[in-house]
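An overview of the molecular structure
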Amino acid sequence: MGIGNKIETRNHITGFREEIGRASKDRESFFTWFNSAQSADAAFIRGSWDFALHVAVPLSRYLKNPEEKVSLEIGYGGGRMLSSACRSFKACLGVDIHNQSAMVAEEFRIRGIQNCQLLSPDNGGLMAPDSSVDVVYSFIVLAHVEKISIFLNYLSETYRVLKKGGFAVLYYGRVSRFSHNRSSLLLYWMDLVAERLILRRGYLEVPAKVNEYNLLISR
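Residues numbered from 1 in each chain as written. Predicted model: local features only at pLDDT ≥ 70, side-chain atom pairs only at ≥ 80, totals over all residues. Heavy atoms only, no water.

Across a regular strand the side chains alternate sides, sitting on one face of the sheet and then on the other. The element strand β1 (residues 70-74) is largely enclosed, with a buried count of five among its five residues. Of the two faces of β1, the one holding V70, L72 and I74 and the one holding S71 and E73 are both buried throughout. Pairing geometry for β1 and strand β4 (residues 133-138), over three bridges, is parallel. Within β4, the residue paired with L72 across the bridge is V136. (Buried < 20%, exposed > 50% of the residue type's maximum accessible area, 1.4 Å probe, protein only. Helix = DSSP H or I, 4+ residues; strand = E, 2+ residues; numbered from the N terminus. Pairing = 2+ DSSP bridges.)

This is the structure:
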């Protein structure tokens, strides 16, 4: 996985664009950059599992008739999860800061995916009309923005584009993870107490290499 060789001192957008650009010299390098898979096909298989486990399963309790819904992914990367979303929803939007949308679009064409539109964010916007999307999801990506202001902007944009009664599944970086994948109320409260002590402002902006955690937020 390309993570750069120094602490990112400019901004996460510039750093990610440069790193992903360097990984785009060929198909295999690009599509394996985002999750260190052994091949492009393996990346898409892992993406199917991640989408199922981390997006579809949490949504399944609440979302009905997904074949009638529109979804939007924040930070689609190489499209490994977005491709699965396209087979689960009526239509899908993908937003990412990199400049390789044409490569992803061609891969989708080869894979027979036609119900997707790839977008570049405009000053942090999600490039979708107000109240136009049924589901917004983002897996881990929001842990890689280095400023709380960027995170809060994505939350605001998510609220703006969601239809009334829509759903968001957003993963982010945390300091304390006792309750990670656990249903224990005790562990949940341990997380709250630990993060209150560690994160006095509720968040921590971390100088880090590209693709490492830049932002940690309390529950």
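Having put the structure on the table, let's press on.
Read from one edge of the open sheet, five strands run β3-β2-β1-β4-β5, paired in parallel fashion. Two strands close off the open sheet at either side, each with one partner strand: β3 (116-119) and β5 (162-170). Within the sheet, the average angular offset between the axes of one strand and its neighbour, ignoring direction, is 20°. Along the sheet, helix α6 (residues 148-161) contacts β1, β4 and β5; its crossing angle with β5, the most-contacted strand, is approximately 145°. (Axes fitted to C-alpha atoms, helices over the stretch in contact; angles between N-to-C directions. Contact = heavy atoms within 4.5 Å.)

Quick look at the nonpolar core now. Counting residues in each nonpolar core, the largest one holds 47 residues, and the members touching the most others are L72, F89 and Y137. In terms of residue count, the dominant contributor to this core is helix α3 (residues 40-60) (five residues). (Core = buried A, V, L, I, M, F, W, Y, C linked by side-chain atoms within 4.5 Å.)

This paragraph deals with the pairing of β3. Here strand β2 (residues 91-95) runs beside β3; their pairing, made up of four bridges, is parallel. Looking at the pairing, V95 lines up with L119 of β3. Of the crossover connections in this fold, the one passing from β2 over helix α5 (residues 101-110) to the parallel β3 is right-handed. (Right-handed = clockwise from strand over helix to strand, strands pointing away.)

The next subject is the packing of aromatic side chains. Across all of its chains, the model carries eleven aromatic pairs by this definition. Among the aromatic residues, those joined into a ring-pair cluster are F16, F30, F31, W33, F34 and F44. The ring of F44 is capped by R111, whose NZ or CZ atom sits 3.9 Å from the centre of that ring. (Phe/Tyr/Trp six-rings, centres within 6.5 Å; stacked < 30°, edge-to-face > 60°. Lys NZ or Arg CZ within 6 Å of the ring centre and 35° of its normal.)

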